[in-house]
Structures are given as C-alpha cells and as structure tokens.
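# Structure at a glance
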Amino acid sequence: MKPGGPRVLVIDDDPQVKESLYAMIEREGWSFYSADNAEEAVAAVNDIQPEVIVLEPRADQGRARALLVDVHQAGSWIPVILYTSDPAIDDAWALEHGASGLMRTPLGEALLRERIGELLNGRETDRPL
C-alpha cells in the first residue's frame, strides 16, 4: 500500500480477484483495502474512509442490497462500482440500490481503472441520479 494515495476498498470474497485488483490499484498509486463481507466492509468504511468502493454483489452470500445499505450508513456517501456477471443485476438495479455504476465481468482492467479514476477525480457526481 502507498500511504497517502486515494483509498479504494474492494469487497469480494474471491482471493484471486482481490489479488488482481490489488496489483492494478497499487500500480495506479492508489491505496488498496479489502473486505470479504458486510461486517468487514462496514468496519473498513469506518476505519479507512475509502474514496471509492469496488463491490462484487455476490460477496457475503449475495447480500449486495443490504451490503450497499450497510456501507452507506457507516459513513458519508462513497461512490460504489458494482461488478458482476449476474444477469439479474442491471444498471437500473445498481442505481436503485445506491451504486454509482455497474460493470460486467470479466472486468476489463483499463475500463475499471478509468472508472475509478473518474470517481476519484470528481469528474462524476458523488451520487447516482
């Protein structure tokens, strides 16, 4: 982790995905943090106050909706990027449940890096429409 870099919290229970995202986030000079479930995510939000959250909604036995609520109630508004291959989760669902956007897996690293960068640099609104 690079102290002082923007804090990105990844919520996913797949160690391989987290390892891949760790490498990408660190290359960008951002600080990587991770959580496997809602309890860890809320604790991380309170402890580190991330600037962006990257969330796989199937983490924590698919508690995506509750996880989004838990995370947003733990602190001020934090933009959340959902990423999933679940066809039941679409853009409307993501926005309705407080996410800033939705990406499909497998994740394209360049697109994810660009999206995180946009949110970190304030080129987007802090809240979904």
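These numbers were taken from a predicted model, which means no experiment stands behind them. Along every chain, residues carry numbers that run from 1 in the direction the sequence is written. Local features are withheld for residues below a pLDDT of 70 in this predicted model, meaning they are given only at 70 or higher, and side-chain atom pairs are given and counted only at 80 or more; totals for whole chains, interfaces and linings count all residues. Computation of side-chain values: all heavy atoms of the structure, hydrogens and water removed.

## A word on the sheet that holds strand S2 (residues 31–35)
Strands qualify as paired when DSSP identifies two bridges or more between them. Numbering of helices and strands runs from the N terminus, with a helix taken as a DSSP run of H or I at least four residues long and a strand as a DSSP run of E at least two residues long. Here we have 5 strands laid out as an open sheet, ordered S2-S1-S3-S4-S5, and parallel in their pairing. Each end of this open sheet is capped by a strand with a single partner; those strands are S2 and strand S5 (101–104). Direction aside, neighbouring strands of the sheet carry axes that sit 20 degrees apart on average. Across 5 bridges, the pairing between strand S1 (residues 7–11) and S2 is parallel. Its bridge partner lying in S2, Arg7 is registered against Ser31. By definition, residues are in contact when any of their heavy atoms lie within 4.5 Å. Between the N-to-C directions of two axes lies an angle of 0 to 180 degrees, each axis being a line fitted to C-alpha atoms and, for a helix, fitted only over the stretch in contact. In the packing of helix H1 (residues 15–27) onto the sheet, contacts are made with S1, S2, strand S3 (52–55) and strand S4 (80–84), and the angle to S2 comes to roughly 160 degrees.

## Some thoughts on the nonpolar core
Nine residue types can take part in a nonpolar core, namely buried Ala, Val, Leu, Ile, Met, Phe, Trp, Tyr and Cys, and a core is a set of them joined through side-chain atoms within 4.5 Å. Note on classification: 1.4 Å probe, protein chains only; a residue is buried when its accessible area is under 20% of the maximum for its type, exposed when over 50%, partly exposed between these limits. In terms of nonpolar packing, the biggest core is built from 22 residues, with Ile11, Ile53, Leu55 and Leu82 touching the most fellow members. Secondary structure elements with two or more residues in this core: S1, helix H2 (38–48), S3, helix H4 (64–74) and S4. Contact partners of Leu55, with chain neighbours within four places excluded, come to Ile11, Leu67, Leu68, Val80, Ile81, Leu82 and Tyr83. Core analysis: the next-biggest nonpolar cluster, separate from the first, contains 15 residues, Val8, Leu21, Val52 and Met103 among them.

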